[in-house]
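# Working through the structure, step by step
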Amino acid sequence: VKELILVGLSEVPSLQLPLFLFFLLIYLLTLIWNLLIIVLIVTDSHLHVPMYFFLGNLAGLDLCSSSVTVPLTVPRMLFDLHTQTRQITITDCLTQVFFFFFCTTSEVSLLTVMSYDRYAAICQPLHYIQTMSWKVCVQLVSIVWCLGLIHSSIEVCYTFQLNFCKSDIIESFFCDLPQLFQISCSDIFINILLVFIFGIFLGVGCLIPTFLSYVYIFNTVLTIKVKGSRSKVFSTCTPHLTVVFILFGSAFFNYFQLNESHRYSSNKVVSVFYTVILPLLNPLIYSLRNQDIRKAFRDVIEKFIPNTA
């Protein structure tokens, strides 16, 4: 098999146009919100602190992750309305897998770094400037991107060695490892082992430090007696925890079901959530409850639409 066929979200012809419009709208909103977050962080001097430096990198990864999957899906949906063909070469498919894993692994690692930043700011405020200097922040982000590059490279290199002859149909709207494994006629033991090893590594290396950081954070918050301080701390911590649980939950659901009875319909729903919906939700989750982001947004609006009253 040299070319693969993406089934998409639905094979019902009447649903193709609504799905196309839905994906297009979500992608445009994702672009607008994440670009807005990046612009606000770059232009507003009050946001030139480690917390928003990491948030800007998260917005960039969301842009990259969404752009890896949705721009390929949206034109294809429109193209399929007329040609009814959904072919993609194996090389293009594995290229998409590479960039998607790069973005996802980097985002998981970055969320762990962000939890450590919150721990240092709340539990060790007197040493925060030294602990999270700009040099340290750049080094941490560099490690995050390197981890994403290493993970994606290893996964794609081993997947590239597989032969596909069982079928040329991928039961998804984009290329992902579980679907590729299921149509391979090669021995996929090493590939599945790599998925579980990296899954355990990311779970233990990222989820546990995040959990421990917030245990210390909540213990410290409970000792705060100043009025309004608790709510301010929770306004910066709750969005981050929400994103962590959503991302880890959907990823574990998708990649730890590598068997023949893999549920395609539920997998498609989860895939849409963490590839399409989550990159849109991230900037909304962080901006709606964050006073600094809201203030920076109001300042930008006032510059372009001054109050004449």
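As the structure is a computational prediction, the values presented were derived from the model and not from experiment.

## What about the pairing of strand β1 (residues 3-6)?
With burial as the criterion, only one face of β1 is covered, namely that bearing Leu4 and Leu6; the residues Glu3 and Ile5 on the opposite face remain uncovered. As defined by bridge partners, β1 adjoins strand β2 (residues 87-89) across three bridges and the pair is classed as antiparallel. Its bridge partner being in β2, Glu3 is matched across the sheet by Thr89. Relative to strand β3 (residues 169-170), β1 runs parallel, the two sharing two bridges. Bridge pairing in β3 places Leu6 opposite Ile170.

## Examining the state of the cysteines
Think of a disulfide as a covalent bridge from one cysteine sulfur atom to another cysteine sulfur atom. Summed over all chains, the structure comprises two disulfides. Through a disulfide, Cys93 is tied to Cys175; the S-S separation comes to 2.0 Å. As the torsion about the S-S bond is roughly -125°, the Cys93-Cys175 disulfide counts as left-handed. Separated by 82 residues along the polypeptide, Cys93 in helix α3 (residues 90-123) and Cys175 in the loop between β3 and α6 (177-182) bring together distant segments of the chain. Like Cys175, Cys93 is buried. Note that Cys165 is cross-linked by a disulfide to Cys185, the S-S spacing being 2.1 Å. In this pair, Cys165 sits in the loop between α5 (134-160) and β3 while Cys185 sits in the loop between α6 and α7 (189-222), placing the two residues 20 residues apart along the sequence. Note on Cys185: relative accessible area 37%, which makes it partly exposed. When the bonded cysteines of the chain are counted from the start of the sequence, the pairing works out to 1-3, 2-4.

## Observations concerning the pattern of salt bridges
Overall, the coordinates contain two salt bridges when judged by the stated rule. Between Asp117 and Arg118 there is a salt bridge, with the nearest N and O atoms lying 3.2 Å from each other. In this structure, Lys295 engages Asp299 in a salt bridge whose closest nitrogen and oxygen atoms are separated by 3.3 Å. Here Lys295 pairs with Asp299, and both are found in helix α10 (residues 291-304), just four residues apart, close to one helical turn.

## Regarding the sheet that holds β2
With mixed pairing, three strands are arranged side by side in an open sheet as β2-β1-β3. Two strands in the sheet have a free side with no partner beyond their single neighbour: β2 and β3.

## Focus: the packing of α3 against α7
Packed helices, taken two at a time, are described by the angle their axes make and the gap between the axes. Running from N to C, α3 and α7 point in directions that differ by 25°, and their axes come no closer than 9 Å. Here α3 is positioned roughly parallel relative to α7, judged by the angle of their axes. In terms of crossing hand, the pair formed by α3 and α7 is left-handed. Contacts from Thr105, Val108, Ser109, Leu111, Thr112, Ser115, Tyr116, Arg118, Tyr119, Ile122 and Cys123 of α3 reach α7 at Leu202, Gly205, Cys206, Pro209, Thr210, Ser213, Tyr214, Tyr216, Ile217 and Thr220. Each residue belonging to the contact of α3 with α7 can be placed in one class, and the counts come to 12 nonpolar, eight polar and one charged.

Here is what the cut-offs are and how they apply
- Residue positions within a chain follow its written sequence, with the count starting from 1.
- Per-residue local features of the predicted model are confined to residues with pLDDT of at least 70, and side-chain atom pairs are confined, for both listing and counting, to 80 or more; whole-chain, interface and lining totals are unaffected and use all residues.
- Calculated side-chain values reflect all of the structure's heavy atoms, with hydrogen atoms and water omitted.
- The rule is simple: take the accessible area with a 1.4 Å probe, protein chains only, and divide by the maximum for that residue type; under 20% is buried, over 50% is exposed, in between is partly exposed.
- Helix and strand assignments follow DSSP, with helices taken as H or I runs no shorter than four residues and strands as E runs no shorter than two, numbered in order from the N terminus.
- In this scheme, strands are said to pair when DSSP sees at least two bridges between them.
- Whenever a pair of cysteine sulfur atoms sits within 2.5 Å, that pair is classed as a disulfide.
- Criterion for a salt bridge: a side-chain nitrogen of Lys or Arg within 4 Å of a carboxyl oxygen of Asp or Glu.
- Lines fitted to the C-alpha atoms define the axes, with helices restricted to the stretch that makes contact. Angles between their N-to-C directions range from 0 to 180 degrees.
- Roughly parallel means an angle under 35 degrees; roughly antiparallel, over 145; roughly perpendicular, 65 to 115; everything else is oblique.
- Should the near helix be turned anticlockwise from the far one by less than a right angle, the crossing is termed left-handed; should it be turned clockwise, right-handed.
- Between two residues, a contact is recorded if the distance between any of their heavy atoms is within 4.5 Å.
- Each residue gets one label: Ala, Val, Leu, Ile, Met, Phe, Trp, Tyr, Cys and Pro are nonpolar, Asp, Glu, Lys and Arg are charged, and the others, such as Gly, are polar.

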